[in-house]
Amino acid sequence: MGQQIFKGNIIFTPSPEELKICAKSHIVVEDGTVEGIYERLPEKYGHAPVKDYGERLILPGFVDLHVHAAQFYQCGLGLDRELIDWLSDCTFPAESRFSDPVYAREAYSLFADELIRQGTARACIFATIHKESTGLLFEILQEKGIGAFVGKVNMDRNCPGFLREETEVSIEETEELIIQYGGHPLVKPILTPRFAPSCSGKLLAAIGELAEKYNLPVQSHLAENRREVEWVRELFPSRPTYSDVYFDSGLFGQTPTLMAHGIYLTDRELGLIKDNGVVLVHCPESNINLASGIMPVRKWLGRGIRAGLGSDVGAGHTLAMSKAVVRAIQLSKLMKFFDPWAKPLTIAEAFYMATKGGGSFFGKVGSFEKGYSFDAIVVEDDPRIAGRLSLEEQFQRFLYTGDDRNIIARFVRGRQVG
Ligand SMILES: [Zn+2]
């Protein structure tokens, strides 16, 4: 790939407190990795070709830490229900279609195209229980050039018969996929027990053993909904909390772990999450759509917990992470109705969660500091409006009012993917 130089108005968040703006600057990329940002290009690059994006913004590509590829067709459907009914009425029947690889290939291709179109560079993805179609998802994402962790879902109880796995088969097929797809630099396997209620203790323990054996990350759901928390208490009466169910199975930070939602957490759980470096994924659109609750992000961050953002499609109705950023800010403002002292998220903080914060799960991803992967989107706006705004205002306007039509180029590790 060698050397690439891009020029434009470069904006990123090296920390949650800092929105760094490099007006009309050059970003030098070596073999897909950022080498440096220069207002004036140093002598040694004097004759190198520069891709000049003019007045446009160059931003880090988005990181979606929680999304269900098989629910893509389901976006916007049945969202007048709450979690447990939505799963049984809408989601499980939709996911059963993925036993058919022909259906899966088309659905997953459309999903991957839309992910890229919306400016996502990296995603942590749930497939379904089906081995063959999950394999196709790995291959489609590899082909498209996006970065991802992909998990075959495991579940052996509390789901309809057509989605219930035999415990041993679930483990065997998961291991086969790990062996088959474990070697790719950008698209990698992740262990994906759906959530504690749909997994027996035996299955959870076996998944934990796979995580340890192959040193693989883990993703699941945690404390999204009050009814769900109560259900876990009934299903695992010997465990003090929901988080303990995962922890005792080796699925809670023993290897890098993502837990989606994390709304209803006890002090004990917050301690476990922090001490084990578990990353919580805030999915604001989904939490609104399924009336799950409001994650007290500010409070969790204040306790030293790491958190990123997820679209949670199809409970979320869009793959556009710019909208997750906006919704996270809006929900953090609504928190003020419950806690007058709650401080809402700033735009920089929420953008950080959707880029460098979530990106840390992938390594040096989500920023333009030296050594970071060049994952980027190029954003343009109507010059009649943009011309009247500061760069910071143009950035804010894109997040709030922009969409995929404003994104004119997308890069993952230096390669243009859209
Ligand atoms: Zn989910």
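Given the structure is predicted, the values throughout are model-derived calculations rather than measurements. (Residues numbered from 1 in each chain as written. Predicted model: local features only at pLDDT ≥ 70, side-chain atom pairs only at ≥ 80, totals over all residues. Heavy atoms only, no water.)

## Focus on the state of the cysteines
Considering all chains together, one arrives at zero disulfides under this definition. No disulfide involves C90; its nearest neighbouring cysteine sulfur is the one of C75, lying 12 Å away. Overall, the relative accessible area of 17% leaves C90 in the buried class. With no disulfide of its own, C199 lies closest to C159 among cysteine sulfurs, the gap being 8.7 Å. (Disulfide = S-S within 2.5 Å. Buried < 20%, exposed > 50% of the residue type's maximum accessible area, 1.4 Å probe, protein only.)

## A few points about the sheet that holds strand β11 (residues 218-222)
Spatially, the four strands line up as an open sheet ordered β11-β12-β13-β14, and their pairing is parallel. Where the open sheet ends on each side, the last strands, each with one partner, are β11 and β14 (306-309). For this sheet, the mean inter-axis angle between neighbouring strands, taken without regard to orientation, is 30°. Where β11 and strand β12 (residues 257-261) come together, five bridges link them in parallel fashion. Bridge pairing in β12 links L222 to H261. (Pairing = 2+ DSSP bridges. Helix = DSSP H or I, 4+ residues; strand = E, 2+ residues; numbered from the N terminus. Axes fitted to C-alpha atoms, helices over the stretch in contact; angles between N-to-C directions.)

## With respect to the pairing of strand β13 (residues 279-282)
Burial of β13 is two-sided: the residues V279 and V281 facing one way and the residues L280 and H282 facing the other way are all buried. Two elements, β12 and β13, share three bridges in a ladder whose sense is parallel. Bridge pairing links M259 to L280 in β13. Handedness of the crossover joining β12 and β13 through helix α8 (residues 267-275) is recorded here as right-handed. (Right-handed = clockwise from strand over helix to strand, strands pointing away.)

## Section: the coordination of the zinc ion
The protein atoms donating to the zinc ion are H66 (NE2), H68 (NE2), H221 (NE2) and D312 (OD), with metal-donor distances spanning 2.1 to 2.6 Å. Between the four donor atoms coordinating the zinc ion, the angles at the centre fall across 86 to 170°, so the site counts as irregular. Each donor residue of the zinc ion belongs to the same chain, and together they define the spacing H-x1-H-x152-H-x90-D. Here H66, found in strand β5 (residues 62-68), pairs with H221, found in strand β11; they are 155 residues apart in sequence, far enough to count as distant. This pair shows no difference in class: H66 is buried, exactly as H221 is. (Donors = N, O, S within 2.8 Å, 3.2 Å for Na, K, Ca; no water. Tetrahedral: all angles 85-135°; square planar, octahedral: opposite > 155°, others 65-115°.)

## Section: the domain arrangement of the chain
Domain parsing of the chain yields domain 1 (3-60 + 366-416) and domain 2 (62-362). Taking both sides of the interface into account, the surface hidden between domain 1 and domain 2 amounts to around 2300 Å²; carbon and sulfur atoms contribute 62%. Broken down residue by residue, the surface that domain 1 buries against domain 2 is led by P16, L399 and Y400, which jointly contribute 27%. Counting across the interface, domain 1 meets domain 2 through two salt bridges. The partner of R122 in a salt bridge is D375, and the shortest N-O contact between them spans 2.6 Å. Taken together, the links from domain 1 to domain 2 amount to 10 residue pairs in polar contact (both at pLDDT 80 or more). Within the residue set of the side of domain 1 that touches domain 2, elements represented by two or more residues are β1 (3-15), β4 (51-60), α14 (391-401) and β16 (407-412). Here the side of domain 1 that touches domain 2 gets five residues from one element, more than from any other, and that element is α14. (Domains from an automatic or database assignment. Buried area = accessible area lost by both parts, 1.4 Å probe. Salt bridge = Lys/Arg side-chain N within 4 Å of Asp/Glu carboxyl O. Polar contact = N/O pair within 3.5 Å; in protein donor to acceptor, adjacent residues only side chain to side chain.)

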